[in-house]
Amino acid sequence: MSEASHAPAALRYMPGFGNDFETEALPGALPQGMNSPQKVNYGLYGEQLSGTAFTAPGHQNERTWCYRIRPSVRHQGRFSRIDLPYWKSAPHVIDDVTSLGQYRWDPVPHGDAALTWLTGMRTMTTAGDVNTQTGMAAHIYLVTQSMRDAYFYSADSELLIVPQEGKLRFATELGIIDLAPQEIAIIPRGLVYRVEVLEGPARGFVCENYGQKFQLPGRGPIGANCMANKRDFKTPVAAFEDRDAPSTLTIKWCGQFHECKIGHSPLDVVAWHGNYAPVKYDLRTYCPVGAILFDHPDPSIFTVLTAPSGVEGTANIDFVLFRDRWMTMENTFRPPWYHKNVMSELMGNIHGQYDAKPQGFVPGGMSLHNCMLPHGPDREAFEKASNADLKPEKLENTMSFMFETRFPQHLTEFAAREAPLQDDYVDCWDGLERKFDGTPGVK
């Protein structure tokens, strides 16, 4: 069979985060009771994709058994180095680019060029070291064109994808994910996929995680419910392609990009079982938890996903969401307070207005507050919150997020010189005048 696609007419997903799934696109394709029979039904090849070391602890061990038309060794050939000049990996420190400061950008605009998932990636910051598998990179993607007979995987990282505009389809080895704004997806390290434009142009944010995989944060005394619940994460059912066509496979490995030519689609997994798979999540199902009497809680209370580091309680990356929620605290300055932080905070606006920055932080925009650099509300937000009638108030039509890491985030040349940097951002605090006059009382 040289031309066939076996995808469900309507995309279907299996609920759960980190579950052990099993799924087959053809009846009887998935072996039962064992992983590697002498001969697999339909003449398929058995192959394991390991997302962790074989000896990782049971609660962290991740792997998936795939039953495919050709083994992956047939999906690769002789590699040649290619250049994707706007996609950078850490360490990437440029001598004449200053990363010390508070930065904010307007949305990166779409241009006239036709851009795919690979050519449209624009790295804003890098942190850590891809070679030692620590840290991250933050990107903007601009996509106007589908990948055609072209496939990709990253050996460096898993990708957390946060759409802001447009709709994309991720056709992966293990199934198909359609992704729109207010949703996120995680594409695991080593998984082959193709990205198609369903509604364009498409723009969004990507957190490239070099370190340990994203997981749900511990809830501690919050208990078993609220925040992100496992059942709301969705993993695709098996779907495969049996298609012969001259194609390319691009691999990201140690920050470099290599391409090889193949004669068919590598998305040929007919059945699979395991817990290492792509997943999507609707951010509108995130249930915030907050203070209900006084004080504003630490922003960590809004963590959706965390990628741990070797230091307990200090993340390689936290993905934090600020969405619609009620503010009810009494006698409290309700926006986020002024602070300096050992973590480096990169924020993006999906839609709406962020309460600490009513002007300038617009949908599609980003800001960066690097480690131990002070930041907080601008004067307008401060004055409004300091003098507000503290009735219960619902923040509506708002959705922003934060990629937070324990490492300093270094600007790329694109972020410093090509992206629409707001040169006057740091001036937003100039109007915060001195109120102290040495006499007691509230000013």
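Rules used in this analysis
- Residues numbered from 1 in each chain as written.
- Predicted model: local features only at pLDDT ≥ 70, side-chain atom pairs only at ≥ 80, totals over all residues.
- Heavy atoms only, no water.
- Pairing = 2+ DSSP bridges.
- Helix = DSSP H or I, 4+ residues; strand = E, 2+ residues; numbered from the N terminus.
- Axes fitted to C-alpha atoms, helices over the stretch in contact; angles between N-to-C directions.
- Phe/Tyr/Trp six-rings, centres within 6.5 Å; stacked < 30°, edge-to-face > 60°.
- Buried < 20%, exposed > 50% of the residue type's maximum accessible area, 1.4 Å probe, protein only.
- Contact = heavy atoms within 4.5 Å.
- Core = buried A, V, L, I, M, F, W, Y, C linked by side-chain atoms within 4.5 Å.

Caption draft 1: Focus on the sheet that holds strand β5 (residues 63-68). Taken in spatial order, the four strands make up an open sheet running β3-β18-β5-β4, and their pairing is antiparallel. The open sheet terminates on both sides in strands that have one partner only, identified here as β3 (21-24) and β4 (45-50). Shown here is a sheet whose adjacent strand axes are inclined to one another by a mean of 20°, direction ignored.

Caption draft 2: Looking closely at the pairing of strand β17 (residues 256-264). Bridge count between strand β6 (residues 80-82) and β17: three bridges; the pairing is antiparallel. Note on β17: the bridge partner recorded for serine 80 is glutamate 259. Here eight bridges tie strand β16 (residues 240-253) to β17, and the two strands are oriented antiparallel to one another. Directly across from threonine 248, in β17, lies its bridge partner lysine 261. In this structure, the hairpin formed by β16 and β17 is closed by a connection of two residues, where cysteine 254 is found at a positive phi of approximately 55°.

Caption draft 3: Just the packing of aromatic side chains, in detail. Going through the model one piece at a time under the given rule, you end up with 22 aromatic pairs. When the centroid spacing of 5.3 Å and the interplanar angle of 90° are considered together, the rings of tryptophan 117 and phenylalanine 170 count as edge-to-face. Pair noted here: tryptophan 117 is in the loop between β7 (102-105) and β8 (121-129) and phenylalanine 170 is in strand β11 (residues 158-172), with a separation of 53 residues, a long-range link. For tryptophan 117, a relative accessible area of 0% puts it in the buried group. Relative accessible area serves as the criterion here: at 1%, phenylalanine 170 is assigned to the buried category.

Caption draft 4: Inspection of the environment of glycine 365 at higher detail. Relative to the assigned elements, glycine 365 resides in the loop between β22 (344-352) and β23 (366-369). You can call glycine 365 buried: its relative accessible area is 0%. Along the chain, glycine 365 and methionine 347 lie 18 residues apart, while their C-alpha atoms are 8.4 Å from each other. If we ignore the near neighbours within four places in the chain, the residues touching glycine 365 are Trp105, Asp106, Pro107, Phe205, Met347, Gly348 and Asn349.

Caption draft 5: Summary view of the nonpolar core. Among the nonpolar cores identified, the biggest contains 53 residues, and Trp105, Leu160, Val162, Leu305, Phe319 and Phe403 are the most heavily contacted of them. Element by element, the count of residues in this core is highest for strand β21 (residues 315-327), at five residues. Beyond its immediate stretch of four places on either side in the chain, tryptophan 105 contacts Met124, Gly365, Met366, Ser367, Leu368, Leu411, Ala415, Ala419, Pro420, Leu421 and Gln422. Residues Phe21, Ile187, Val269 and Trp272 belong to the second largest nonpolar core, which totals 35 residues.

All quantities given are derived from atomic positions and should not be read as evidence of function.
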